[in-house]
Amino acid sequence: MRVNYHRRSASSALNGYERAHSSPSSRPSVGLHALPRPVAVVVGGGGVLGAAQVGIGYALEQRGFVPDLIVGTSVGALNGAIAAAHPGKAAPWLDLVWTHARRRQVFPFGYLPSRASVFADRGLRRLIAGAALPSRIEDLAVPFTAVAMDLATGAQVLLDRGDLESALLASAAIPGILPPVEREGRTLVDGGVIAFVPVRAALQAGAASVVVLSTGQTSSPPRPAGPPRWPGGVAARAGLLLLRHQIERDLDEVSERIPTVVLPTGVESWPAPWDFRHSRRLIHTASLTAGLFLDGLRINGPGLYRAESPPAAPAVLGRARTAVWEVGR
C-alpha cells in the first residue's frame, strides 16, 4: 500500500500544529492519537455501501480511538449518529443492523409514497427507531452534525441541534427516491448532493483534524477508463467523475489547513446500491484494510493522508505496515 502525504502551503495552521506537536527528533507522529484535537470523524454517503464504514469503525474502536465530533451525510449520518450515541462500542451494533438489513425493509414497496418520491420513508424510520438513539441531537454522547441540502436554494444545511430523527431523515432523503423533509421552514434533501464527504462542514464546526470514512468508488481517485459505449454507462461515468471532482475539491481545500486522513476500504468489487447481501464482505474487507493502514500511518502536519492504491490481497496488505511517503503534488 502506498500512503501519500501531500504537503500544503498553510503556514499558519502548520505553525500551530508544530508548536503543539514538536519533538527533538522532528519525526512524524504515529497513528491517529497524534492528530491535533479536536478530531472530527467525517462519514460520507453511499447508501448500502455504508456497510464498509462499519468495518472501518471496527478498526478505529479496536485501536481505542474516539472522536471529539462526528459529521455525517446521508447513510453516513445514520452510521455517525449511532457512533455518537455509543462511542467506542458502536461497530458491533451496526454490524448486526447491516448484516440483517434487506432492501424490502429499507425501501419497502406496498406503501403509498409521497408525491415527491418513489418510496415512503417508513423503513428508514423503523431503522432509526430501533437504534437506541436519543430524541435530540444535543443528547448524543459525542457532538454530532447531519448535513442536508436546502432544496429551494441549494445551500448546505448543518443540523447540529433539535430533533434527531428529522435530521437523519433529511440527510438521507435521496432526491426522488425518499421524500424531502420539512424542517424549520425549509425543504431538505440528501446532503450528499452538495457534500458527499462533508469535510468542509467539519472544518466549519471547529475541527483541528479530520478522519474520513468514505465508500464505493468515491473512496479513492477514479481509475482511467475508456469511454462507455451505451447511454447508461456514459451517464454513470459522468456522474461518478462529477462526484469525484466535488470530493477532491473539498479534500484539497481542507487539507491545506489541517491533517486530513482518508481511510481506505480495500473493496474493489462493490454491489449494487440496493443490494444488502454483501454487507458481511464489505465489513470484513474494510476492517482489515483500514486497520493495516492505521498501523502504518504517520502524521506530519497539515496535508492529505490516503492510500492511493488500496490493496487487493493479504500479501499486499502486509506491506501496509510500513508507510511510504511522497511529498508534493
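Residues numbered from 1 in each chain as written. Predicted model: local features only at pLDDT ≥ 70, side-chain atom pairs only at ≥ 80, totals over all residues. Heavy atoms only, no water.

Caption draft 1: Main features of the nonpolar core. By size, the foremost hydrophobic cluster in this structure holds 65 residues, and its most contacted members are Trp98, Leu133, Phe144, Leu168, Val211 and Leu263. If one sorts the elements of this core by residue count, helix α3 (residues 75–85) sits on top with seven residues. Ignoring anything within four residues of it in the chain, the contact list for Leu263 reads Ile56, Leu60, Val211, Val212, Leu213, Phe293 and Leu294. Val199, Leu251, Val254 and Ile258 belong to the second-largest nonpolar core, a separate cluster that totals 21 residues. (Core = buried A, V, L, I, M, F, W, Y, C linked by side-chain atoms within 4.5 Å. Buried < 20%, exposed > 50% of the residue type's maximum accessible area, 1.4 Å probe, protein only. Helix = DSSP H or I, 4+ residues; strand = E, 2+ residues; numbered from the N terminus. Contact = heavy atoms within 4.5 Å.)

Caption draft 2: Spatial organisation of the pattern of salt bridges. In the structure shown here, the tally under the stated rule is twelve salt bridges. The residue Asp160 makes a salt bridge to Arg161 at a minimum N-O spacing of 3.1 Å. Taking the shortest distance from any N to any O, the salt bridge between Asp250 and Arg200 comes out at 3.3 Å. Of the two residues, Asp250 is situated in helix α9 (residues 231–255) and Arg200 in helix α8 (residues 199–204); the sequence distance between them amounts to 50 residues. Taken together, the shared-partner salt bridges connect Asp121, Arg125 and Glu165 into one network. (Salt bridge = Lys/Arg side-chain N within 4 Å of Asp/Glu carboxyl O.)

Caption draft 3: Structural detail: empty space enclosed by the protein. What the rule picks out here adds up to two cavities of 30 Å³ or more. Considered as a void within the structure, the largest cavity measures approximately 260 Å³ in volume. Together, 21 residues line the largest cavity, and Gly57, Leu60, Glu61, Ala83 and Leu213 are the ones closest to its centre. Mapped by element, the contributors of at least two residues to the lining of the largest cavity are β3 (39–43), α2 (51–62), α3 and α4 (91–100). The element best represented in the lining of the largest cavity is α2, accounting for five residues. In terms of residue class, the lining of the largest cavity is built from 14 nonpolar, six polar and one charged. (1 Å grid on protein atoms, 1.4 Å probe; cavity = no way out; pocket = protein on both sides within 12 Å on 5 of 7 lines; lining within 4 Å. Points joined across faces, edges and corners; volume = space filled by probe spheres on them. Nonpolar A, V, L, I, M, F, W, Y, C, P; charged D, E, K, R; others polar.)

Caption draft 4: Highlighting helix α10 (residues 279–295). The first and last C-alpha atoms of α10 sit 24 Å apart over 17 residues, in line with the 24 Å expected at 1.5 Å per residue. Every buried residue belonging to α10 is among Ser279, Leu282, Ile283, Ala286, Ser287, Thr289, Ala290, Gly291, Leu292, Phe293 and Leu294, and all of these are buried. (Expected span 1.5 Å × (residues − 1).)

Caption draft 5: A look at the environment of Leu32. By the element assignment, Leu32 lies in the loop between β2 (29–30) and β3. Taking C-alpha positions, Leu32 is 9.8 Å from Val210, a pair spaced 178 residues apart along the chain. The contacts of Leu32, once residues within four sequence positions are left out, are Leu60, Phe65, Val211, Leu294 and Leu297.

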